[in-house]
Amino acid sequence: MNPSFFNPLEPPGAERLRGTGTIRFTYDEHGEPAALPENAVSISRSPDGSIDDIHGGFDSFYHCGHPRTAPLGTKCAIEGCNRLSCQACSARCQRCLVPLCLEHVCRLQTEPGRELTLCSSCHDQVARTLRWKAVGRFLIQPFVAFGNKPQP
Ligand SMILES: [Zn+2]
Ligand SMILES: [Zn+2]
Ligand SMILES: [Zn+2]
């Protein structure tokens, strides 16, 4: 364990007798493998001779800003992102199912009150399809009206 983990626990000038701690092997908020200290215990002799036994905890956070104590959600699959979100903030593209972070999630309204959660490439494809559908409806309309006319 990096000895500096214990520094905040020790009074200035104290002599460390023993340091123990727990490390969680996980990913940092950018999705890189990391060993995060969860807690540390330092037993030290202070300059006035007292033996101090001090326990400390560390706060760490997901990229979405929620603490690591919240359940882990997904790792964003967008190239170069890899951010970890908590379960509540994790999203998935409804079309290709890749996991997305808050920054890479795109929402597309397909009709009033109906929204799709998509990655950016699916968003572009679906938006294009919807545009063509709208154009198609517009083009078909006159023929439909014509077809509905009673035949002479
Ligand atoms: Zn979150
Ligand atoms: Zn997608
Ligand atoms: Zn992302």
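Going along each chain's sequence as written, the residues are numbered from 1 onward. As they are written, the chains are lettered A onward and the ligands numbered 1 onward, keeping that order. Only residues with pLDDT of at least 70 get local features here, since the model is predicted, and only at 80 or more are side-chain atom pairs given and counted; chain-wide, interface and lining totals rely on the full set of residues.

### Examining the overall build of the protein chain
Which entries qualify depends on this criterion: Comment: elements are numbered from the N terminus, with helices defined as DSSP H or I runs of at least four residues and strands as E runs of at least two. Put simply, a residue is buried when 20 or more other C-beta atoms lie within 10 Å of its own C-beta and exposed when 12 or fewer do; between those, it is partly exposed, and each C-beta is set from the backbone. Think of it this way: build a C-beta for each residue from its backbone, and any pair within 7 Å is a contact.
Of the regular secondary structure elements, the protein chain holds one helix and nine strands. Listed by position from the N terminus, the elements making up the protein chain come as β-β-β-β-β-β-β-β-β-α. Counting over 152 residues, the protein chain shows a buried share of 16%. A separation threshold of at least 6 residues defines the contact pool for the protein chain, and within that pool the share at least 24 residues apart is 34%.

### Describing the nonpolar core
If you look at soluble globular proteins, the nonpolar side chains tend to sit buried side by side. Here is the rule we go by: As used throughout, a nonpolar core is a set of buried Ala, Val, Leu, Ile, Met, Phe, Trp, Tyr and Cys residues joined through C-beta atoms within 7 Å of each other.
Counting eight residues, the largest nonpolar core is built from Cys76, Ala91, Cys93, Leu100, Cys101, Val105, Leu118 and Cys119. With sequence-adjacent residues up to four places away left out, Cys93 is seen in contact with Val98, Leu100, Thr117, Leu118, Cys119 and Cys122.

### Focus: the sheet that holds strand β1 (residues 15-27)
Here is the rule: The pairing criterion for strands is at least two bridges between them, as found by DSSP. Axis definition: a line fitted to C-alpha atoms, limited for helices to the stretch in contact. Angles are taken between N-to-C directions and run from 0 to 180 degrees.
The antiparallel open sheet is built from three strands, whose spatial order is β1-β2-β3. Whereas interior strands pair on both sides, the edge strands pair on one side only; in this sheet they are β1 and β3 (51-57). Going from strand to strand, the sheet's axes swing by 20° on average, the running direction of each strand aside.

### With respect to the confidence of the model for the protein chain
Counted only if it meets this: pLDDT: the predictor's confidence for each residue, scored from 0 to 100.
In the predicted model, the protein chain carries a mean pLDDT of 85, and 89% of its residues have values of at least 70. No element of the protein chain has a lower mean pLDDT than helix α1 (residues 120-148), which averages 76, and none a higher one than strand β7 (residues 99-100), which averages 97.

### Things to note about the environment of Cys64
Position of Cys64 among the secondary structure elements: in the loop between β3 and β4 (72-75). Here Cys64 falls in the partly exposed class, since 18 other C-beta atoms lie within 10 Å of it. Considered as a pair, Cys64 and Ser90 are 26 residues apart in the sequence and their alpha carbons are 8.9 Å apart. Residues within four places of Cys64 in sequence aside, it is in contact with Ser85, Cys86, Cys89 and Leu102.

### Some details on unusual backbone geometry
Of all residues except glycine, most have a negative phi; of all peptide bonds, most are trans. Located in the positive-phi region is Asn82, a residue other than glycine, with phi close to 60°. Here Asn82 lies in the loop between β4 and β5 (84-86). At Leu97, a position not held by glycine, the phi torsion is positive, near 70°.

### With respect to the pairing of strand β2 (residues 33-45)
Where β1 meets β2, 12 bridges bridge the pair, whose relative direction is antiparallel. Looking at the pairing, Ile23 lines up with Pro37 of β2. The turn joining β1 and β2, which pair antiparallel and follow one another in sequence, is formed by five residues; a positive phi near 85° is taken by Gly31. Across seven bridges, the pairing between β2 and β3 is antiparallel. Looking at β3, one finds that Val41 is bridged to His55. Here β2 folds back onto β3 in antiparallel fashion, the turn holding five residues, of which Gly49 has a positive phi close to 95°.

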